[in-house]
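Structural features, examined
Each chain, written out:
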Amino acid sequence: MLISIQSHLHYAARQPCDALVQIEAVEEAIQRCRDVQFDVISGAVRSVVAGEGGIGDRRWLHVEEMLECRYEALVEVRRAAVDVAALRAVPVHAVPSAVTPYLMPSRYCHPEMFSEVVPQMFGSLQGGALIAAMSRWIGGHFTYDNGASTGATTAWDSFSARAGVCRDYAHVLITMARAVGIPARFVSAYAPDVTPQDFHAVAEVYLDDAWHLVDPTGMSQAPETVRVGVGRDAADVSFLTSYGWLELKKQAVTVARVE
């Protein structure tokens, strides 16, 4: 599947500062990028550093008065569709060392809060069948609401409110998975059919010795989802992290299939 991506960030700075921007698609075997263009209209690139876990790139930009940048790319996604429900869990003692951190609590994801809730809700389900059931439950019981969460909202907060945006849906699924010993991590992404169109967030779970994308919002499908970065939760893969106050002027994301 060929996906066209365009994103535009425009922010005003109250004082000179540095900002870490992560909006570029990952270049990997199942994602091939071409016609890539990253333009810094206002600001200056200080350096390019690897994303969390060595996946993707992040750019340090220095901002005086304005930060404005544009990113465009055509990305060929070669990821196959997988029936997650048919996959088996990896015993926790056999989880690779690089994957083990995704079993642990993180800033927004506290699996200890769900250790009793998940078995009560989903009974004896295990592995991929459990992940599929949890994803369906979140999608069916949550209300997508831009005003339901803030930058401080945890997975437990979202679970209690039964509302949030894509990052909150992903946080809840990630935390539920970790609560039962299934490694899970946060993925920032682009995908068509996301409404309203914006940067998207999904979960990635470790089953059958590999990572698999799962979107509890139901708005994206793995074969046409473009990964930007991965992390323990949203704090690790924010599209923009500033070390000084930035005021939003304009932000636009366009993602479309190319026939």
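Each remark here, short or long, concerns the structure printed above.
Residues numbered from 1 in each chain as written. Predicted model: local features only at pLDDT ≥ 70, side-chain atom pairs only at ≥ 80, totals over all residues. Heavy atoms only, no water.

Concerning the layout of surface pockets
- For the largest pocket, the calculated volume is near 850 Å³.
- Elements represented by at least two residues in the lining of the largest pocket include exactly helix H4 (166-179), strand S9 (184-190), strand S10 (200-207) and strand S13 (240-242).
- Looking at which element gives the most residues to the lining of the largest pocket, the answer is S9, with three residues.
- Split into classes, the residues belonging to the lining of the largest pocket amount to 17 nonpolar, 10 polar and three charged.
- Put simply, the second largest pocket is a space of about 540 Å³.
- What lines the second largest pocket is a set of 25 residues, and nearest its centre among them are Val84, Leu213, Val214, Asp215 and Ala222.
- Contributing elements (two or more residues each) for the lining of the second largest pocket: helix H2 (127-141), S10 and strand S11 (210-214).
- With four residues, S11 is the single largest residue contributor to the lining of the second largest pocket.
- Of the residues assigned to the lining of the second largest pocket, the class counts are 13 nonpolar, six polar and six charged. (1 Å grid on protein atoms, 1.4 Å probe; cavity = no way out; pocket = protein on both sides within 12 Å on 5 of 7 lines; lining within 4 Å. Points joined across faces, edges and corners; volume = space filled by probe spheres on them. Helix = DSSP H or I, 4+ residues; strand = E, 2+ residues; numbered from the N terminus. Nonpolar A, V, L, I, M, F, W, Y, C, P; charged D, E, K, R; others polar.)

Some thoughts on the side chain of histidine 212
- With respect to the helices, strands and loops of the structure, histidine 212 is situated in strand S11.
- A relative accessible area of 14% places histidine 212 in the buried class.
- A polar side-chain atom of histidine 212 sits 3.3 Å from the main-chain carbonyl oxygen of leucine 207.
- Every residue in contact with histidine 212, bar those within four places of it in the chain, is listed here: Val82, Val84, Leu87, Ala203, Glu204, Val205 and Leu207. (Buried < 20%, exposed > 50% of the residue type's maximum accessible area, 1.4 Å probe, protein only. Polar contact = N/O pair within 3.5 Å; in protein donor to acceptor, adjacent residues only side chain to side chain. Contact = heavy atoms within 4.5 Å.)

Some remarks on H4
- For H4, which comprises 14 residues, the first-to-last C-alpha distance of 20 Å matches the rise-based estimate of 20 Å (1.5 Å per residue) to within 8%.
- Burial within H4 is extensive, with 13 of its 14 residues counted as buried.
- Looking one or two residues past H4, glycine 181 carries a phi angle of roughly 80 degrees, positive in sign. (Expected span 1.5 Å × (residues − 1).)

Structural notes on the sheet that holds S13
- With antiparallel pairing, four strands are arranged side by side in an open sheet as S4-S5-S2-S13. Taken across any chain shown, the strands that pair with only one partner, and hence form the sheet edges, are strand S4 (44-50) and S13. Each strand axis lies, on average, 20 degrees off the axis of its neighbour in the sheet, ignoring direction. (Pairing = 2+ DSSP bridges. Axes fitted to C-alpha atoms, helices over the stretch in contact; angles between N-to-C directions.)

Brief notes about the packing of H2 against H4
- Here H2 crosses H4 at 145 degrees, and the two axes come no closer than 10 Å. When you trace H2 past H4, the crossing you get is right-handed. For the pair H2 and H4, the contacting residues are Ile131, Met134, Ser135, Trp137, Ile138 and Gly139 in the first and Tyr169, Val172, Leu173, Met176 and Ala177 in the second. (Left-handed = near helix turned anticlockwise from the far one by under 90°.)

Side note on unusual backbone geometry
- Proline 196 follows threonine 195 through a cis peptide bond whose omega is -5 degrees.
- Inspection of the secondary structure puts proline 196 in the loop between S9 and S10.
- Its identity as a non-glycine residue notwithstanding, arginine 162 has a phi of 55 degrees, on the positive side.
- The backbone of aspartate 193 sits at a positive phi, close to 75 degrees, despite the residue not being glycine.
- Locating aspartate 193 in the fold gives a position in the loop between S9 and S10.
- Aspartate 193 sits in the partly exposed class, given a relative accessible area of 45%.

Some remarks on the environment of valine 253
- Its place among the elements puts valine 253 in strand S14 (residues 246-258).
- Residue classification places valine 253 among the buried residues on the basis of a relative accessible area of 9%.
- Beyond its immediate sequence surroundings of up to four residues, valine 253 is in contact with Gln6, Ser7, Tyr190, Gln197, Asp198 and Phe199.

Examining the pattern of salt bridges
- On inspection of all chains with the given rule, the structure shows 14 salt bridges.
- Salt-bridge contacts for glutamate 24 lead to arginine 59; the nearest nitrogen and oxygen are separated by 2.7 Å. Separated by 35 residues along the polypeptide, glutamate 24 in the loop between strand S2 (17-21) and strand S3 (31-42) and arginine 59 in strand S5 (residues 57-63) bring together distant segments of the chain.
- Accessibility expressed as a relative area gives 10% for glutamate 24, which makes it buried.
- For the salt bridge of arginine 88 with aspartate 209, the shortest nitrogen-to-oxygen distance reads 3.3 Å. Residue arginine 88 is found in the loop between strand S6 (66-77) and helix H1 (117-122), and its partner aspartate 209 is found in the loop between S10 and S11; the two are separated by 121 residues along the sequence. (Salt bridge = Lys/Arg side-chain N within 4 Å of Asp/Glu carboxyl O.)

Focus on the packing of aromatic side chains
- This model, assessed by the stated rule, comprises 14 aromatic pairs.
- Consider the rings of tryptophan 137 and phenylalanine 142, whose centres lie 6.1 Å apart with planes at 75 degrees: the pair is edge-to-face.
- For phenylalanine 142, a relative accessible area of 7% gives the class buried.
- Seen in terms of ring centroids, tryptophan 137 and phenylalanine 159 are 5.7 Å apart; in terms of plane orientation they differ by 35 degrees. Their pairing is tilted. Pair noted here: tryptophan 137 is in helix H2 and phenylalanine 159 is in helix H3 (residues 155-161), with a separation of 22 residues, a long-range link. (Phe/Tyr/Trp six-rings, centres within 6.5 Å; stacked < 30°, edge-to-face > 60°.)

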